[in-house]
Amino acid sequence: DVLMIDALGKKAGLKISNIDVQVSKDAAADNRAQRTAATESITLTVSAEGNYAAFNTFLSGLERSQTLFDVRDLSVTGSNTGVYKYALSIRSYWKH
């Protein structure tokens, strides 16, 4: 997922400056009766900068990806130059 986020950023013209990864297990994984249906997720905290068009292209790439990406949080820092700073929290899910 990290490589895919980086590749989508480069393709869109968005400069990805940092990606932090946090792996967590869904509460269902703690229930032994449901262990076969356990869902895991990875949360990626992404820092990037670029113009709005590049960011929009990046989001479209996430949306069209075969991997399920859920943008959980978004922060945009404005600029007079047209180059904005973006902070995103993106979650991806998979089953065992």
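Above: the structure in question.
Notes on the structure follow. (Residues numbered from 1 in each chain as written. Predicted model: local features only at pLDDT ≥ 70, side-chain atom pairs only at ≥ 80, totals over all residues. Heavy atoms only, no water.)

1. Here's the deal with the nonpolar core
Applied cut-off: Only buried Ala, Val, Leu, Ile, Met, Phe, Trp, Tyr and Cys residues count toward a nonpolar core, and they belong to the same one when joined by side-chain atoms within 4.5 Å. Only protein chains enter the accessibility calculation, which uses a 1.4 Å probe; a residue whose area is less than 20% of its type maximum is buried, one above 50% is exposed, and one in between is partly exposed. Here a strand is any run of E in DSSP of at least two residues, a helix any run of H or I of at least four, and the numbering for each starts at the N terminus. By the convention used here, residues are in contact when the closest approach between their heavy atoms is within 4.5 Å.
Ranked by size, the top nonpolar core spans 17 residues in total, and within it Ile-5, Leu-14, Val-46, Phe-58, Leu-62, Leu-88 and Ile-90 carry the most contacts. For this core, the secondary structure elements donating two or more residues are helix 1 (2–12), strand 2 (39–50), helix 2 (52–64) and strand 4 (84–95). With sequence-adjacent residues up to four places away left out, Phe-58 is seen in contact with Ile-5, Leu-8, Gly-9, Ala-12, Leu-14, Ile-16 and Leu-88.

2. A closer look at the pairing of strand 3 (residues 69–77)
Heads up, the rule is: Pairing between strands is defined by DSSP: at least two bridges between them are needed.
Pairing between strand 3 and strand 4: eight bridges, direction antiparallel. Pairing of Thr-77 across the sheet is with Lys-85, part of strand 4. Hairpin geometry of strand 3 and strand 4 is characterised by an intervening segment of six residues between the two adjacent antiparallel strands and by a positive phi of about 90° at Gly-82.

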